[in-house]
Amino acid sequence: MTHEPAETTVVTFGTFDVFHHGHLKLLQRAADLGNRLIVGVSSDALNISKKGRPPVYSEDERIEIISGLRCVSGVFLEESLAFKRRYLLQHRADVLVMGDDWSGRFDDMGDICRVLYLPRTPDVSTTSTLERIRADAPRRVALLV
Ligand code: C2G
């Protein structure tokens, strides 16, 4: 009797606004844990409710960016944190991966898949990137004229 090798589906979630190398490394490490990586991209409305402001890039733009990555097999829109279980079942997740800023938050999904929290890449975030752009704006504007 022959056995097909088991396929492992990894699912992760995030906003991925102003995409940076911390996001990329998280996605690459998540993809390395299985055969296919499916990414739930947070909707604009979810972001406004979570962070009180809209993302810089719209959900359509962020979905386009994440879909274009070699390590990503599929993308869907994450409309609520409360639907996590539904999304994991829908996409047949074997593993849920989150950055460790979410440590412990989704342990209750452990009855349907493995739950892993990967260490965040230090010293980079969407906020720090926006702050860098703002701090450097006068010099950059001067270079344009
Ligand atoms: N990340 C990372 N290193 C960084 C910054 C981010 O590993 N320096 C990871 C985060 O831990 C997260 C992913 O990249 O796993 C996406 O980060 P965000 O866009 O900040 O995600 P967030 O807004 O926390 O949305 O269902 C949960 C949410 O959708 C997660």
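Before reading on, note that the structure itself is shown above.
Along each chain, numbering runs from 1 in the same order as the chain's sequence is written. This being a predicted model, a pLDDT of at least 70 is required before a residue's local features are given, and a value of 80 or more before pairs of side-chain atoms are given or counted; all residues contribute to the totals for chains, interfaces and linings. Processing note: side-chain calculations cover all non-hydrogen atoms of the structure and skip hydrogens and water entirely.

Draft legend 1. Up close: the nonpolar core. Ranked by size, the top nonpolar core spans 16 residues in total, and within it Leu27, Leu37, Val39, Ile66 and Val72 carry the most contacts. With four residues, the top contributor of residues to this core is helix α1 (residues 21-31). Note on contacts: a residue pair is in contact if any heavy atoms of the two residues lie within 4.5 Å. If we ignore the near neighbours within four places in the chain, the residues touching leucine 37 are Val10, Thr12, Leu27, Ala30, Ala31, Cys71, Val72, Ser73 and Gly74. The definition of a nonpolar core used throughout is a set of buried Ala, Val, Leu, Ile, Met, Phe, Trp, Tyr and Cys residues joined through side-chain atoms within 4.5 Å. Exposure categories follow from relative accessible area, calculated using a 1.4 Å probe and restricted to protein chains: below 20% of the type maximum is buried, above 50% is exposed, and the middle band is partly exposed. Phe13, Leu96, Met109 and Cys113 belong to the second largest nonpolar core, which has 13 residues in total. Strands here mean DSSP runs of E at least two residues long; helices mean DSSP runs of H or I at least four residues long; both are numbered from the N terminus.

Draft legend 2. Quick look at the site of the ligand. If even one non-hydrogen atom of a residue comes within 4 Å of a molecule or strand, that residue is called near it. With respect to spatial proximity, 21 residues lie near the ligand, and among them Thr15, Glu78, Lys84, Asp101 and Val124 are the closest. In protein, a polar contact requires one atom able to donate a hydrogen and another able to accept it; more generally it is a pair of N or O atoms within 3.5 Å, and residues adjacent in sequence count only if both atoms are side-chain atoms. A distance of 3.5 Å separates an oxygen atom of the ligand from a polar atom in the backbone of glycine 14. With respect to the ligand, the backbone of glycine 99 contributes an N or O atom lying 3.0 Å from an oxygen atom. A 1.4 Å probe and the Shrake-Rupley method give the accessible areas. Residues count as covered only by the protein chains that appear here. Within the complex, 95% of the 640 Å² of free accessible area of the ligand lies under protein. Elements that contribute at least two residues to the shell around the ligand include exactly β1 (9-14), α1, α2 (44-51) and β4 (95-99). Considering every element that reaches the shell around the ligand, the biggest residue donor is α1, with three residues. Note that Gly is not counted as nonpolar here; it falls among the polar residues with everything else outside the nonpolar set of Ala, Val, Leu, Ile, Met, Phe, Trp, Tyr, Cys and Pro and the charged set of Asp, Glu, Lys and Arg. In terms of residue class, the shell around the ligand is built from seven nonpolar, eight polar and six charged.

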